[in-house]
Amino acid sequence: MTSRAEKVDRFPNKININVTKTQNLKSPRAEPLTVILRFEYNDGQFSESGKFDVTDGSPRQVDHTAVLGINATDSIQVDDLGQKPVLITLLEAAPKDKKVKEDKSTPFGQAILDLWPLLKKETQFSVTVPVHAIPGSFLETQGEQNQPHLVVNVNVEQPLIPVRDQFHTNAAHITLEGLYSPPEAWLAGGTSFVYTAALPIPLNEDKDTTVVFTNGTLRAPADITNKQKRWPDARRVLTVNGTYIPGHNINEESIDDEQGELRSKDDREFRTNSEKTKPQVVWNIERRCFLLPHGSQSLQHQITRAPYLAVEVVRTTTPTAPRGKKDDDSGLSYHGVAYIETAPLLYPGATRSRGAYKIVPYNEAEYKSKTKRSSNVLDEAMRIANNLFDRSSLTTTKKDTKLTADKPASSSASASASKKKAEAGGEEVVATTTDAQQYVDHNSHITIDISFDRPIIEKRQLSDLRRKISELVPPRPNYPVKVNSSQKAVEDYHQQIKNVCSLILDEYRKVCNDETNAEASVPNDQKRRKLLYELNSTGKYFAFKEQLKHSVIKIVREKFLRTSKFNNPDELQIFISQLYVFLLDEMHRSLNKTLSIEEPEPVPPLRNTDAQLRTFALEAESNGDYLLAANYYKQRLARNPNKLRAWLDFAAFHLLVNDLIKAEECLKECIAIEQTNSTALMLIAVVNGILENNELADLYFETVTAGDSEDVIAWTLYGIFQKHIHNEINAQITLGQAEKLQRAILKNEEEQIAAATHHAAPTSDEKREEEEKDRAAEEGLKGSDNQLNVASKTRISRSSKSNKTKTEVSTARKSVDMLGYIEPEKTHTKKSIYLKAAEFLLKYNIATWAEKTLAYEFLTNAGKDYQVEIALAKAKILQQDFPAAETHITQALSIEYDNVEAWALWGHVKYLQLDFEAAKGRYQRTLVFGDKPSDLHTVYIRLGAILLSEGTESSYGEAKEVFLNACRFQPTCTTYLGLGIACYRMNQYDDAEEALTEANFLNNQNAEVWAYLTLICLQTKRNIEAEQSYKYAIKLDLPAGPLMDEINSLQRQVGFGDPSF
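This one's a predicted model, so the numbers in the text were calculated from it and none came from an experiment.

**A short note on the overall build of the chain**
Then step 1. If you tally the helices and strands in the chain, you get 37 helices and 22 strands.
Then step 2. Per-residue burial for the chain yields a buried fraction of 45% across its 1061 residues.
Then step 3. Considering only intrachain contacts with a sequence separation of at least 6, the fraction spanning at least 24 residues in the chain is 69%.
Then step 4. Of the accessible surface of the chain, which amounts to about 56200 Å², a share of 50% is contributed by carbon and sulfur atoms.

**Re helix α13 (residues 569-595)**
Each α-helix winds once per 3.6 residues, and so residues spaced three or four apart point in a common direction.
Then step 1. The terminal C-alpha atoms of α13, which comprises 27 residues, lie 38 Å apart, in line with the 39 Å expected from a rise of 1.5 Å per residue.
Then step 2. Turning to α13, its buried residues are Phe575, Leu579, Phe582, Leu583, Glu586 and Ser590.
Then step 3. Its side-chain oxygen at 3.2 Å from the backbone nitrogen of aspartate 570, asparagine 568 defines the N-terminal cap of α13.

**Regarding unusual backbone geometry**
Both trends apply: most residues other than glycine have a negative phi, and most peptide bonds are in trans.
Then step 1. Unusually for a residue other than glycine, glutamine 880 sits at a positive phi of about 60°.
Then step 2. Mapped onto the elements of the fold, glutamine 880 is located in the loop between α27 (866-878) and α28 (882-895).
Then step 3. A relative accessible area of 61% means that glutamine 880 is categorised as exposed.
Then step 4. Look at leucine 914: it is not a glycine, yet its phi comes out positive at around 65°.

**What to know about the side chain of histidine 908**
Then step 1. In this fold, histidine 908 is placed in helix α29 (residues 900-912).
Then step 2. On the accessibility criterion, histidine 908 (5% relative accessible area) is buried.
Then step 3. At 2.5 Å, the side chain of histidine 908 and the side chain of aspartate 935 are in polar contact.
Then step 4. Excluding residues that lie within four positions of it along the chain, histidine 908 makes contacts with Tyr923, Asp935, Thr938, Val939 and Arg942.

**Describing the pairing of strand β7 (residues 105-113)**
Then step 1. Strand direction decides the pairing type here: strand β6 (residues 86-93) and β7, joined by 8 bridges, are antiparallel. If you follow leucine 91 over to β7, its bridge partner there is proline 107.
Then step 2. Sheet analysis places β7 next to strand β8 (residues 124-133), joined by 3 bridges and oriented antiparallel. Bridge pairing links alanine 111 to valine 131 in β8.

**Digging into the pairing of strand β2 (residues 33-40)**
Then step 1. Within β2, 6 of the 8 residues are buried, which leaves the element mostly enclosed by the surrounding structure.
Then step 2. Bridge count between β2 and strand β4 (residues 52-54): 3 bridges; the pairing is antiparallel. Across the sheet, the residue bridging to leucine 33 is valine 54, located in β4.
Then step 3. Pairing geometry for β2 and strand β3 (residues 45-48), over 3 bridges, is antiparallel. Within β3, the position partnered with glutamate 40 by the bridge is glutamine 45.

**Notes on the packing of aromatic side chains**
Then step 1. Enumeration according to the criterion identifies 27 aromatic pairs in this entry.
Then step 2. Aromatic side chains tyrosine 334 and tyrosine 439 sit 6.2 Å apart centroid to centroid with 70° between the ring planes, which places their arrangement in the edge-to-face category. Residue tyrosine 334 is located in strand β17 (residues 333-341), and its partner tyrosine 439 is located in helix α8 (residues 437-441); the two are separated by 105 residues in the primary sequence.
Then step 3. A relative accessible area of 1% means that tyrosine 334 is categorised as buried.
Then step 4. A relative accessible area of 0% means that tyrosine 439 is categorised as buried.

**What to know about the environment of glycine 216**
Then step 1. With respect to the helices and strands, glycine 216 occurs in strand β12 (residues 209-219).
Then step 2. Distance from glycine 216 to valine 194, taken between C-alpha atoms, is 6.5 Å for residues 22 residues apart in sequence.
Then step 3. Excluding residues within four positions of it along the chain, glycine 216 makes contact with Tyr195, Val281, Val282 and Trp283.

**Re the packing of helix α31 (residues 936-950) against helix α32 (residues 953-969)**
Relative orientation and spacing of two packed helices are given, respectively, by the angle between their axes and the distance between those axes.
Then step 1. Look at α31 against α32: their axes get within 8 Å of each other, and the N-to-C directions meet at 160°. As far as their axial angle goes, α32 and α31 are roughly antiparallel. As α31 runs across α32, the sense of the crossing is left-handed. Note on element contacts: α32 touches α31 through Ser955, Tyr956, Glu958, Ala959, Val962, Phe963, Asn965, Ala966 and Phe969, opposite Leu936, His937, Tyr940, Ile941, Leu943, Gly944, Ala945, Leu947, Leu948 and Glu950.
Then step 2. When grouped by side-chain class, the residues that make up the contact of α31 with α32 number 13 nonpolar, 4 polar and 2 charged.

**Considering the pattern of salt bridges**
Then step 1. According to the stated counting rule, one finds 44 salt bridges in the structure shown.
Then step 2. Among the ionic pairs, glutamate 886 bridges to lysine 910, the shortest N-O distance being 3.0 Å. Of this pair, glutamate 886 sits in helix α28 while lysine 910 sits in helix α29, placing them 24 residues apart in sequence. Lysine 910 carries the same exposure label as glutamate 886, and that label is buried.
Then step 3. Ionic contacts of the salt-bridge type, sharing partners, join the residues Asp610, Arg614, Arg636, Lys643, Arg645 and Asp649 into one network.

**Topic: the environment of lysine 121**
Then step 1. Along the chain, lysine 121 falls in the loop between β7 and β8.
Then step 2. Here the alpha-carbon distance between lysine 121 and proline 159, two residues 38 residues apart in the chain, equals 6.7 Å.

**Details of helix α7 (residues 378-388)**
Then step 1. Every buried residue of α7 is accounted for by Leu378, Ala381, Met382, Ile384, Ala385, Asn386 and Leu388.
Then step 2. Against β11 (193-201), β12, β16 (308-317) and β17 lie the buried residues of α7.

Procedures and definitions
- Residues numbered from 1 in each chain as written.
- Predicted model: local features only at pLDDT ≥ 70, side-chain atom pairs only at ≥ 80, totals over all residues.
- Heavy atoms only, no water.
- Helix = DSSP H or I, 4+ residues; strand = E, 2+ residues; numbered from the N terminus.
- Buried < 20%, exposed > 50% of the residue type's maximum accessible area, 1.4 Å probe, protein only.
- Contact = heavy atoms within 4.5 Å.
- Areas by Shrake-Rupley, 256 points an atom, 1.4 Å probe, with all protein chains shown as cover.
- Expected span 1.5 Å × (residues − 1).
- Polar contact = N/O pair within 3.5 Å; in protein donor to acceptor, adjacent residues only side chain to side chain.
- Pairing = 2+ DSSP bridges.
- Phe/Tyr/Trp six-rings, centres within 6.5 Å; stacked < 30°, edge-to-face > 60°.
- Axes fitted to C-alpha atoms, helices over the stretch in contact; angles between N-to-C directions.
- Parallel < 35°, antiparallel > 145°, perpendicular 65-115°, else oblique.
- Left-handed = near helix turned anticlockwise from the far one by under 90°.
- Nonpolar A, V, L, I, M, F, W, Y, C, P; charged D, E, K, R; others polar.
- Salt bridge = Lys/Arg side-chain N within 4 Å of Asp/Glu carboxyl O.

Honestly, it's all geometry; don't read function into it.
Set out below in structure tokens:
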């Protein structure tokens, strides 16, 4: 009894396959067609229906249920459901002959049923499967439009995979497409050889499962390759269409999206040529491997231990022995291996790896080193391939077909000499022959696609990442809409004052009416006394006090936070005095709102806008006055503490002065304001990377790439960070994603340019000729030397009258509203991902990582690029490595001599090295060009300062022109101060005073502005104004020096201006 129970329990899971009816199946003759359904699975029959008749093709009820038993706890049997379909063969039952004991049935059609949905959480499904015609049967004449179908219902009592394990299971889809650029010796063999590939997959903890791809066919370039995927196990499949998996096709994909070895420009050309002009071995087989929970863990452990998956490729002679028996001479040759790097599949969220991989000769030492396996899987693969080999072709023809008639067949003689018997020990040892070396000589490669239903390592959800960031940096709460209690108490007090005031006015009107009826007029003082008498005598005064009492109590509690008695009388008196003053002030405010008929004066607007303060701060940074720059940034934050841009700029300032801790705090404020801001997340990730807080940096990078998956800079910086922590595999994947997005952006830009060019109106020949004539006339009028023209303009400007200067100063003052304008940067559409990332880092003063990013630019993109040299120069300037910066600038100019950015940077380098004469020449060269640098404002200020320091009449005139241009471009206190100094030195006191007044309006805390105003007042004999200006200059700590000495000397000369006299 026990043995029988064990036998029954071998297949506890029952799959019920019910064929309900047939559709469009009709008899080819006048009499009915007797049909039998035979059910086969895994090269064996497990059920057969009874006979039923069909006639005219109308739906015919069958209602036959076939039961397939499996053991769902056995990983091998579960895996078989993905690679082995159920075959439903339709047979025509022949009339029974009395002389023959058994009926003879003829198969005429076959349907393929895929049981894969049962492994995907399904317990039942219905499907209509087509019936494919068996060659030679009557179904071939019906055509595809009249193809018969079977309606099949499949169900199981319980899920094959328990609910508790469904989330931990996975499925691998391995598609081997083909072998390209095969050895030339294969061309002479034709169809007399079998091509097999094999690789091990860990489906369970005990032993790996060998996945075998057999029945590969060698095809000529002219053959049309069906791109539909085939079943790996096609045994007993009697139709050609039945070998294909329904709905599974191989789609054309870009090489840019692959992760294989052959992805360079030369490799792409070679692959295209080999795929279209050379013979190839075609498999197009998809092997589905279902991984139970322990199988998923084993696969992850195997990839972690050995990141290479070995795909062994071999050629053998066509088997002649029956299935299950081994051939005496299999003719095994061309044993090669393609090593697939599977480590990218461990990237969080990665589900696919597709590419072309080179085939190299099998080497045991290399194989063991890369796969960490003791031996190969060739013997096991040959055994499985012998069982899977399609022997149906052996009965059709045994004649070899040569693909090319002009290829010699001499190399095929060594095909059967791949194995030799070792006399000592009797073991078979694979000989190292020259046949496998032909893989390398011909650059043979395979294309394989490995995908998973779910990632091996799950990617953290964006909601989880943001929740973790919210725990690190809590979002700043919004201001409550409801008015707080203290404000409510004051408003109630105002309302009660208004009500009492209305009642008192009513009483006063009664008094006035009584006096109006009297004959004699009464003075106002007597009316006031009468009103007070009425209020006190009637008790209305105390009633009004009681009406105000409750609102005053609320003010004491909510505004002054006093709820207990006073123990100290002095403290009580102080409190009463403060409360009395507060109540009186609030009473006056309420009465002014209630009784005043005049409009209140509007609050004057802020003197400087946020954009102006930002410009002032950047200007102070360029001048090296970091305290003043910090002051401007704090003013911006004080005005609007919830403005993200202000905090980002303050973080960039702290990064400039290398205060990473404060920079991180500013970036946390940015994230608290807007937790999805990609710029803040990228910057705080980089800062944490610099501080070696790698876990936090990875969290921030993962959040920004998950939230904005198309941000090229974010993916690039994430890749640089992965390289920084020596995670080369993840770095390769993230940088590959950045390159993919960059190619999409460039393609989109090219399409937009092409569309714009296509829609642009063509210029007529006559109009083109007129434009050329006008251009030639203009060039004839211009001088050959552009610097001469600039000098002429400068001399003309210096000889202009004073009233013109006043007009220009006034015009510059009106341009204050345009302070936020920044001249657009010259765009370069061909920037690489590293250059874009470096420019982003330099924008926020992160020089070390910018330099690291540009180093990868040099490694990846060979050749010189002036944009890279300019970026490196900026990084060196931030690091105060001026000689290195000058080297990169000269390299950039050697590539593009008229680059205005390089000339401006060269001037900055010379200025910071205190070589003012060289800086002056380079700044003047910068202003000659038609294009302007991105930091034109800094060029104006520094060139003007150099000209003022020369102290000559001509230099003052040139400085005046420079500062006028600076005021037109971006008016600041410094530009107007420089203009005022130049005018003062040229004895143009009215112009100087107007310019200095503008400077004082923009910044009244500049001691130098007050000092020059003092000099102008002394020169124009204004005693009181001179003293006031001098006092402000002293109050603002005007340093001792030439300017102070000049003021004191002039004060002694004119005899006034110093209050200490």
